[in-house]
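Next come the chains, spelled out residue by residue.
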Amino acid sequence: MEVQDIRVVLAPAVSLLCAALVFASAERTFWRRFFSLSAAAIKLLIIMSMLPGSLRGVVYVYDLVQFTPGVGLAFRADALGMFFAAVSATLWLFTTIYAIGYMEGEPHRRRFFGFFALCVSTTVGVSFAENLLTLFLFYETLTICTYPLVIHDETPEAMKAGRKYLAYTLTGGAFVLLGSVIVYGLTGTMTLSQPGILSLESGRVTLAALFVCLIAGFGVKAAIMPLHSWLPSAMVAPTPVSALLHAVAVVKVGAFGILRVIYNIYGVELLDELGFCDYLAVLAAFTIIAASVIAIFQDNFKRRLAFSTISQLSYIVLGASLLTPYGATAAVVHLANQAFAKITMFFVAGSIQRKTGKTTVHELAGIGYRMPYTMAAFTVAALSFVGVPLFAGFVTKWYLSLGGLQAEKWWVVLVMLVSSLLNAVYWLPIVYAAFFKAPADAVVEVHESNWTLLVPTLVCAAYVIVFGITVTVPGMPFSLANAAVEFVFGM
Amino acid sequence: MVVLAPLVGAVLTPIVARRDRRIAQWWALGIMTVTSVAAVALMVRVTEEGPFSYYLGGWVPPIGIEFRFDEVSAFIGIVCLVGWLAILYSFRYTEWLRGLEKPRIPYYYTLLLLNLAGLIGISITGDLFNFFVFLEIISLSGYALVAVSGERIAEMAAFKYLLIGAVSSLLVLLAIGLIYALTGSLNMADISARLGGAATRPLGVAIGAFTVGFMVKAALFPLHIWLPDAHAIAPSPVSAVLSGLVVKVGIIGMLRVYQIVYGSGSMNLDGLNQVLMWLGAISIIIGAFFAIFQDDIKMMLAYSTISNIGYIVMGLGLASQYGLIGASIHVFNHALIKATLFLGAGCLIYRTGKRTLTELAGVGRSMPWTAAAMSIGAISIVGIPPTAGFLCKWYIALGAVQAGQTFFAFALVFGALFIFIYYIRMVNAFYFRPPADPEILAVKEAPPSMLVPVLLLAALCLIMGVLGRLPLTFIEPAVTRLLSGMGGG
């Protein structure tokens, strides 16, 4: 059932307005905080108010402007879009609180919070995009809006990372544009509301070229190897940026784009016939393993997180490319599971850096004595990544393995096992060192970070557990993911 | 008629305002306002009724001169807008120009008005010789306006412009002569009707001469060499007019020739289209390539014009519905965007006296509005949504796919990336680089009469991105008519 509802436009518009107000508020700290927080809260309320309807199967749509007949700015909140939007809006609120604490005393805060809000606006825009053009529009805007955040420190290193970031993501954007144009040329429509709009009539070669275009384009942001190298470099950004943008917004927009391409542009049946997804699955599996192996050898905390992100993102891609219902479920829920666990870790890394100045893994011995709550949150996230039952990460791995069996690809299970093992190899030693090794400094006293840093960390960690144990509870995100999968597979 | 107002106004300027430059500037602005109102009235009429004609002196063509207002003529809308803003902008800018002595300022407005009158005339004339006359008015006033800036190499740049421009004018004249010899008529509609039985070879030569001549005017590679110096050296409001409007004359000329030839159905232009596509693609790349190595901000903008003309010509060459729509929209949008950028650059130069990116580093802190407007312009010209430039890129790429030339869609999309490389340098210099000279933090924002045009244009860049359907009301009927002619031939 489709319902015209302005709320799908309001959701991205709130943060757009917020950005304008933040820019206008000059250097007045109070107003900047007030606008950022209230916009985050309002946005979350708007999206949550649509959630019950979405769970009942209502799809909210709104056409804003038409460029030409058939192509225009149009919004449509289907189950998949709602899922992604709800995740980003929730995390925006927490990250805003965290960022206010983290950025205290830093220069250029107005620019920071302004572009921060713009990024979230565009992310929600991507999730509610009704057609490929709208999606592309927000996709590119997101690239531009993150640039000032990546180079926030304005050091030569940051500028270099910024250049690399732009070079990769804009090239990706160009591929997406090219792909969109071809889609429109072939079908005369760009809608994302159908389970597939292309057909075999277009010819195998054309469809293959188009698939490469679109997947490579979105794959840059989703950091599929070998298109990943911008992500570790971009870790020079301030931690809240890395947290929200490089664990959630930017990279997930890429993964979300891939989901849209597979489910709504090509459609499961067509891809099944064409068989392109087998290659993609192999590539994703390779990325999962290779990135994990590289992560083991990273001593810089944030770089290790970056490679872990690369590995985790490919779970989503792998799940989607299996083309089975269970695989799809895994892909969709991992949008949330990865986001909450990874943002917890980034918050922890940021808190430690702010509190103790430590940025490398080997310096973390005994940190658990000083910052017990922070490190407890870290432990939760680490266990989730390893895939211990009752944590969110387990749900993904379970469904992904089932999906692999459904697709008669037994090696997926093997990849899951190896990946769990590798995750354990690079996360658990940190937990061990933090709690069981003697701290380097003689004085041991509890010295936690401010509540603005601590509370978001703990809440996100709590989410990881909640997601892990409430899979069958109706009304939870999982049921929304199921709704999305059912639509895609026509169940 | 719209064309008379600025023409007469221009001639009268020195007389009205012999002594006082203030009278001259308000006079020029007033003339332009009257013209704009008339232009809007005409545009409304053309959307309601379709093309219509006015016969000068009541003589019916093919003997008399016909002014024909059709959708292509809607170009005058943008001419009036940019022209009006450029005049407003000139109020303060001319006072500051070194090469322009105070008593001579009225002559500057005369030239500017003449140039704009030529632009308006050329888009509404229905007569080939008349077309040539307006072309010369534009060119001659253009040469003088380039020289006016008083920069060190201004005379040299103007001379280069003059020399190459004169050759191209001769080619156009030659082509007109040939056409006249073939058909015995100079009226476009009449030619089109009579051309049917004409011999192919002389017609081919004529079209070739037209093309080369107009391509010089449009600064398409490899005939672009005159442009960078001329546009970079000219005073900024003039650069905006030259880069945004005057180069488009070549495009309008091409469109008219296409209209005539397609209308007559006497010749197949597929070969020419192929050439245009390739030249367009090469222009995009070459323009971007040279722009990367420029440190002078206006030089960079000038090379970027070459790239953008490449877009338009590629769209023309594709000769598919979306390609032509894209090309036509880009004629409008590029005028908006480039005017934003040149006027913005003018503000920076006016306040800081510096014109290289290295020296301008950090200026975004002291002139936030100008820098913001220019950043919007930069994003727009690279074609990142939701700005005006994106639509053009979208349509032209779509046109390429429609014409089965996916390669050109590829070239276009990645050419745009190339362009982004140097614009990001500009944005970086404004905001993210430490100032080369601490004094730059102390400069003031540009005065209102200069800032308002820049901001207005920047806002339009954004609005046209969202309300992209607006110019389509003019473009779609024109393109449909052109393509139906092509189908007949």
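Residues numbered from 1 in each chain as written. Chains lettered and ligands numbered in written order. Predicted model: local features only at pLDDT ≥ 70, side-chain atom pairs only at ≥ 80, totals over all residues.

The next thing to look at is the overall build of chain A. Helices and strands together make up the secondary structure of chain A, namely 19 helices and 3 strands. For 491 residues, the compact-globule estimate of 2.2 N^0.38 gives 23 Å, and chain A sits close to it at 21 Å. Along the three orthogonal principal directions, the C-alpha set of chain A runs to about 70 × 55 × 45 Å. Expressed as a percentage of the 491 residues in chain A, the buried residues total 60%. (Helix = DSSP H or I, 4+ residues; strand = E, 2+ residues; numbered from the N terminus. Rg over C-alpha atoms; globule rule 2.2 N^0.38 Å. Buried ≥ 20, exposed ≤ 12 C-beta atoms within 10 Å, placed from the backbone.)

Bringing the interface of chain A and chain B into the picture now. Contacts between chain A and chain B engage 22 residues on the former and 23 residues on the latter. Tallying contributions element by element places helix α6 (residues 156-187) of chain A first for the side of chain A that touches chain B, with 11 residues. Residues that form the side of chain A that touches chain B fall into these classes: 15 nonpolar, 5 polar and 2 charged. (Contact = placed C-beta atoms within 7 Å. Nonpolar A, V, L, I, M, F, W, Y, C, P; charged D, E, K, R; others polar.)

Residues and elements named next belong to chain A. The interhelical angle for the contact between helix α3 (residues 79-102) and helix α18 (residues 451-469), taken along N-to-C directions, is 155 degrees, at an axis separation of 7 Å. Between α3 and α18, the interaxial angle falls into the category roughly antiparallel. Remark: the crossing between α3 and α18 carries left-handed chirality. Taking contact as the criterion, the partners of F94, T95, I97, Y98, I100, G101 and Y102 in α3 are, on α18, T452, L453, V455, P456, V459 and C460. Each residue belonging to the contact of α3 with α18 can be placed in one class, and the counts come to 10 nonpolar, 3 polar and no charged. (Axes fitted to C-alpha atoms, helices over the stretch in contact; angles between N-to-C directions. Parallel < 35°, antiparallel > 145°, perpendicular 65-115°, else oblique. Left-handed = near helix turned anticlockwise from the far one by under 90°.)

The next subject is the nonpolar core. Among soluble globular proteins, nonpolar side chains are generally buried collectively. By size, the foremost hydrophobic cluster in this structure holds 396 residues, and its most contacted members are F83(A), V317(A), V464(A), V82(B), V146(B), A397(B) and L412(B). A per-element tally of this core places helix α9 (residues 239-266) of chain A first, with 19 residues. When residues no more than four places from it in sequence are discounted, the contact partners of A397(B) are L177(A), L178(A), V181(A), A409(B), L412(B) and V413(B). (Core = buried A, V, L, I, M, F, W, Y, C linked by C-beta atoms within 7 Å.)

The subject of this paragraph is the confidence of the model for chain B. Residue and element names in this part refer to chain B. Here chain B averages 78 in pLDDT, while 84% of its residues score no lower than 70. Confidence scores differ between elements of chain B, with helix α1 (residues 4-16) showing the lowest mean pLDDT of 62 and helix α13 (residues 297-318) the highest of 86. Here the predicted complex scores 0.83 on pTM and 0.77 on ipTM. (pLDDT = per-residue confidence, 0-100.)

It is worth spelling out the environment of L140(B) at this point. Considering the arrangement of structural elements, one finds L140(B) in helix α5 (residues 128-147). Accessibility expressed as a C-beta count within 10 Å gives 18 for L140(B), which makes it partly exposed.

Right, let's get into unusual backbone geometry. Residues and elements named next belong to chain A. At the junction of M225 and P226, the peptide bond is cis and its omega measures out at 5 degrees in the coordinates. When you line up the elements, P226 lands in the loop between α7 (204-221) and α8 (230-233). Despite not being glycine, A223 shows a phi value in the positive range, around 55 degrees. Its location among the elements puts A223 in the loop between α7 and α8. One non-glycine residue with positive phi stands out, namely L390, at about 80 degrees. Tracing the backbone through its elements, the reader meets L390 in the loop between α15 (372-386) and α16 (392-406). Given 12 C-beta atoms within 10 Å, L390 falls into the exposed group.

Moving on, we come to the packing of helix α13 (residues 325-356) of chain A against α16(A). The angle between the axes and the distance between the axes are what describe a pair of packed helices. Residues and elements named next belong to chain A. Remark: α13 packs on α16, axes separated minimally by 8 Å, with the N-to-C direction vectors making an angle of 160 degrees. As far as their axial angle goes, α16 and α13 are roughly antiparallel. With respect to the hand of their crossing, α13 and α16 are arranged in left-handed fashion. From α13, Y326, G327, T329, A330, V333, H334, N337, F340 and A341 reach across to α16, where they touch A392, G393, V395, T396, Y399, L400, L402, G403 and Q406. Here the contact of α13 with α16 is built from residues that sort into 10 nonpolar, 8 polar and no charged.

This part takes up the environment of A222(A). All names here are of chain A. Residue position: A222 is located in the loop between α7 and α8. Sequence-wise, A222 and V317 are 95 residues apart; in three dimensions their C-alpha atoms are separated by 8.4 Å. Contacts of A222, omitting those with residues within four sequence positions, involve V251, G254, A255, I258, L313 and V317.

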